[in-house]
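These are the residues of each chain, in order.
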Amino acid sequence: MSGTLAETVSLPAWRVGDVPAAASLQSAVFLGRRGGVSIGPFASLNLSCAVGDPAASVRENWRRVQRAFPQVQHWVRMRQVHGNEVRVVAAQDLDARLECDALVTDCADVALCVLTADCVPLLLATAPAGPVAAVHAGWRGTVAHVATRTLEVLRQRYGVSPADVWVALGPAVGPCCYEVREDVVTALARAGLERAVVAQVEDRFRVDLRAANRLCLQLAGVPPEQMITVGGCTACSRDDFFSYRRDGARTGRQLSFIVREATKNLLGPRANRG
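Residues numbered from 1 in each chain as written. Predicted model: local features only at pLDDT ≥ 70, side-chain atom pairs only at ≥ 80, totals over all residues. Heavy atoms only, no water.

**Observations regarding the layout of surface pockets**
Put simply, the largest pocket is a space of about 750 Å³. As for the largest pocket, its lining consists of 32 residues, of which Gln 80, His 82, Cys 119, His 136 and Arg 253 are closest to the centre. The set of elements that each furnish at least two residues to the lining of the largest pocket consists of α1 (55-68), β4 (74-79), β8 (110-116), α2 (139-143), β12 (179-180) and α6 (244-247). Looking at the lining of the largest pocket, the element that brings in the most residues is α1, giving four residues. Residues belonging to the lining of the largest pocket are distributed by class as follows: 17 nonpolar, six polar and nine charged. (1 Å grid on protein atoms, 1.4 Å probe; cavity = no way out; pocket = protein on both sides within 12 Å on 5 of 7 lines; lining within 4 Å. Points joined across faces, edges and corners; volume = space filled by probe spheres on them. Helix = DSSP H or I, 4+ residues; strand = E, 2+ residues; numbered from the N terminus. Nonpolar A, V, L, I, M, F, W, Y, C, P; charged D, E, K, R; others polar.)

See below:
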């Protein structure tokens, strides 16, 4: 299983399309930083209006994304707060901006959006054809088990078992570049995620955030073979991704989103598990 890099109306996009749950998806996409009009540290497809990029540039970047994916009828965004709040998107929430760090919906043609610049974007699809979810997981959200909380909402609201969930973990800062102090390591240990600490360099520790979220998901019942990693380290890949860790506060945010298909395609043996 893997994510595939493709050009979508001049927007480089890492698409998830070779997992069984993708049969019920319209799109599961991780965008990078290329293809927009922003300049300087926001060059060029910055999609956040909260980082100092001129609003006109951000609006044009969103227009380009919407033109590239015309089948999407509504775009639901988060006001991300580094917690574990999960919001269920219903008809009255379409095109809203909700304060939370995870979105879940069974509405079709609705993009659930995550903006990141090092944190982990997670896109969740369910099989057979069912609800989808988008999750923002920085280290605080990770230790608060935002991914696990999303699985709980999928089970409680829709009756979806973690065994029927497929997860793509998108571009994020890697352990090669993510050094933290002991307080973060302590928080990870208290959350049962100490295995995500991969090395110590003097008084700093290197952490694999994607591995920490994979562990959360696995402990909650998602089979390891149903989790895929898409894209590389955001801090290493200057040409492809924005990175707060690499560039500081004056940098942009890249978009990840997932859209449920209107038609319900049942998944069966014909799907290639990869």
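**Remarks on the sheet that holds strand β10 (residues 132-137)**
Ordered in space as β5-β7-β10-β9-β11-β15, the six strands form an open sheet in which the pairing is mixed. Edge strands, defined here as strands with exactly one partner in the open sheet, are β5 (86-88) and β15 (227-229). Between one strand axis and the next, the sheet turns through 15° on average, direction left out of account. By the bridge criterion, five bridges tie strand β9 (residues 120-126) to strand β11 (residues 165-169) in an arrangement that is antiparallel. For Leu 124, the partnering residue across the bridge sits in β11 and is Val 167. Running over the sheet, helix α3 (residues 146-158) touches β5, β7 (102-105), β9, β10 and β11 and is turned about 20° from β7. Packed onto the sheet, helix α5 (residues 209-220) meets β9, β10, β11 and β15 and runs at close to 175° relative to β15. (Pairing = 2+ DSSP bridges. Axes fitted to C-alpha atoms, helices over the stretch in contact; angles between N-to-C directions. Contact = heavy atoms within 4.5 Å.)

**A word on the environment of Ala 111**
Mapped onto the secondary structure, Ala 111 falls in strand β8. Among the residues examined, Ala 111 registers a relative accessible area of 0% and is labelled buried. C-alpha of Ala 111 to C-alpha of Ala 133: the two residues are 22 residues apart in sequence and 9.6 Å apart in space. Those residues in contact with Ala 111, other than ones at most four positions away along the chain, are Val 72, His 74, Trp 75, Val 76, Phe 257, Ile 258 and Val 259. (Buried < 20%, exposed > 50% of the residue type's maximum accessible area, 1.4 Å probe, protein only.)

**With respect to the pattern of salt bridges**
The final tally for this structure, using the stated rule, is nine salt bridges. Its salt-bridge partner being Arg 67, residue Glu 60 comes within 3.3 Å of it at the nearest N-O pair. Residue classification places Glu 60 among the buried positions, given a relative accessible area of 18%. Taking the shortest distance from any N to any O, the salt bridge between Asp 247 and Arg 246 comes out at 2.8 Å. When salt bridges with common partners are traced through the structure, they connect Glu 60, Arg 63, Arg 64 and Arg 67 into a single cluster. (Salt bridge = Lys/Arg side-chain N within 4 Å of Asp/Glu carboxyl O.)

**Observations regarding the pairing of strand β2 (residues 11-16)**
Burial analysis of β2 places five of its six residues in the buried class, the great majority of the element. Here three bridges tie β2 to strand β3 (residues 25-31), and the two strands are oriented antiparallel to one another. Across the sheet, residue Trp 14 finds its bridge partner in β3, namely Phe 30.

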